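Below, each chain spelled out in residue letters.
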Amino acid sequence: MLLRHTPAEIRERSALNINPAKTCQPIGAMYAGLGIKGCLPHSHGSQGCCAYHRSTLTRHYKEPVSAATSSFTEGASVFGGQANLLQAIENIFSVYEPEIITVHTTCLSETIGDDLNQIVDKAVKEGKVPAGKQVIFASTPSYVGSHVTGFSNMVKGMVKCLAVASGKKNGKVNIIPGWVEPADMEEIKRIAGMIGVSFTMFPDTSGVLNGPLTGEYHMFPDAGTPAEDIRAAGDAIGTLALGEWCSADAARTLDAQCKVPCRVLDLPIGLKATDRFIDALRTVAGTSVPDTVNFERGQLIDVISDYHQYFFGKKVALVGDPDQLIALTEFLLTLDMQPVHVVTGTPGKKFEARIRELCAGKGFDVNVRAAGDMFLLHQWIKNQPVDLIMGNTYCKYIARDEDIPYVRFGFPIMDRVGHQYFPVTGYKGGIRLMEKILGVLLDRADRDAPEEKFELVY
């Protein structure tokens, strides 16, 4: 009901976000940590912060997310959280026996000025970290960036704290998948396997947040990237970083640290981005693309050809994470759709420039905003209506108030299941995306059709 009072008149706001199109950095760092085998993420801050981060991931993935906290009280808030973190590290290894702990900061610990590098070093020297175990860390204050930059910072932390070069290449290709669903990580691995590439993916949440229910309890799923594989990433022949915002920093750090050459690609969502990913895999690994991959590509092209008439000219409003929106915008343009409004909550003028570059010469003007919010998106829609909205669960209020077809895409999706099991990456994922879009468009056509035009087959 409240969104129905959103005014159409747009005023520039520099100090106020309304319905932000993002969540906070520690959530991304926690998600990245869960992609390491035997890892327990640790939130260096208050219990409330950790509870929020865990509950957001749990509501999205419909899986219980384990994480520890430094449990700041008034004393730690004033004098610093070093004692809390030292005690936490000792307790976690003693009670839960993880292979690795990933520590991320919060607003409170960052404002105090806690130095994680110094604290973790002290924990190692005092014997609180058992032999063969590891603590890695990243700075992730919530008052800057977004869950996307939090994910990026933690993956960069994995490289800085773990990766080493022995001087002898292992013939593997590193794949840094960016923030995608566990099913997407699984699909990316499947494609690499089809091409015959020997690879290491990190982080990898497939099997962690979309695993089976077996009736047996395990503190840590038998999934995720082993820490020793991340250590060996320094001996790889190359790195493919999928997404400028989520993966590029880690890949470039690995290049500088261990001399592993890297390429930064778009997420392989849609035809063209998947083509580029497969070509990059083929090139860096020195393999050829098998007919099975070409067959899947042909299937996607066939579906595009068969259903192009339903997509042509449809106007779309998009909101989400930069890496996902760039690839999605390119795919929608491939379908001759018009992404006229594009908003991300993550800062970055490069995002705006890339979206404008993709949409240039397509016959429509695009509204694009980095560090924007859903209030602005709603205002844009009021001034220029669209045929479809694609975004996370919070878009459902705009879709309902404006009576617009809506496809859930991105993070978080709290009111539906399936996103953690069905990929949107690769050629197969492209077909799924088209099926979801076509379904809501034709459902609307059925709903609005007068009796004489209500057809059995469109």
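These numbers come from a predicted model, not from an experiment.

### Brief notes about the layout of surface pockets
Vacant regions in the atomic arrangement are exposed by a probe of water-molecule size rolled over the atoms.
Now for step 1: Empty space within the largest pocket amounts to approximately 690 Å³.
Now for step 2: Considering the residues around the largest pocket, the lining is formed by 26 residues, among which Glu-63, Val-208, His-218, Phe-220 and Pro-221 are closest to the centre.
Now for step 3: Both domains that meet at the lining of the largest pocket, namely domain 1 (25–162) and domain 2 (173–291), each give it at least three residues.
Now for step 4: Its boundaries defined by the atoms lining it, the second largest pocket holds a volume of some 400 Å³.

### Re the sheet that holds strand S10 (residues 338–344)
Now for step 1: Read across the open sheet, the five strands follow the order S11-S10-S9-S12-S13; overall the sheet is parallel. The strands lining the two open edges of the sheet, one partner per strand, are strand S11 (367–369) and strand S13 (406–408). The mean angle between the axes of side-by-side strands here comes to 15°, regardless of whether they run parallel or antiparallel.
Now for step 2: Of the pairings in the sheet, the one linking strand S9 (residues 315–320) to strand S12 (residues 388–391) comprises three bridges and is parallel in character. From the neighbouring strand, Val-316 faces S12, where its bridge partner is Leu-388.
Now for step 3: In this fold helix H15 (residues 374–383) packs onto S9, S10, S11 and S12, with an angle of close to 160° to the strand it touches most, S10.
Now for step 4: Along the sheet, helix H17 (residues 426–448) contacts S12 and S13; its crossing angle with S13, the most-contacted strand, is approximately 150°.

### Examining the pattern of salt bridges
Now for step 1: Applying the stated rule across the entire model yields 28 salt bridges.
Now for step 2: Across the salt bridge formed by Arg-11 and Glu-9, the nearest N and O atoms sit 3.6 Å from each other.
Now for step 3: For Arg-11, a relative accessible area of 61% gives the class exposed.
Now for step 4: With its nearest N and O atoms 3.9 Å apart, the salt bridge here joins Lys-128 to Glu-126.
Now for step 5: On the basis of relative accessibility, which here comes to 17%, the residue Lys-128 falls in the buried class.
Now for step 6: For Glu-126, a relative accessible area of 40% puts it in the partly exposed group.
Now for step 7: Taken together, the salt bridges that share partners define one network made up of Glu-90, Lys-122, Glu-126 and Lys-128.

How each quantity is defined
- Residues numbered from 1 in each chain as written.
- Predicted model: local features only at pLDDT ≥ 70, side-chain atom pairs only at ≥ 80, totals over all residues.
- Heavy atoms only, no water.
- 1 Å grid on protein atoms, 1.4 Å probe; cavity = no way out; pocket = protein on both sides within 12 Å on 5 of 7 lines; lining within 4 Å.
- Points joined across faces, edges and corners; volume = space filled by probe spheres on them.
- Domains from an automatic or database assignment.
- Pairing = 2+ DSSP bridges.
- Helix = DSSP H or I, 4+ residues; strand = E, 2+ residues; numbered from the N terminus.
- Axes fitted to C-alpha atoms, helices over the stretch in contact; angles between N-to-C directions.
- Contact = heavy atoms within 4.5 Å.
- Salt bridge = Lys/Arg side-chain N within 4 Å of Asp/Glu carboxyl O.
- Buried < 20%, exposed > 50% of the residue type's maximum accessible area, 1.4 Å probe, protein only.

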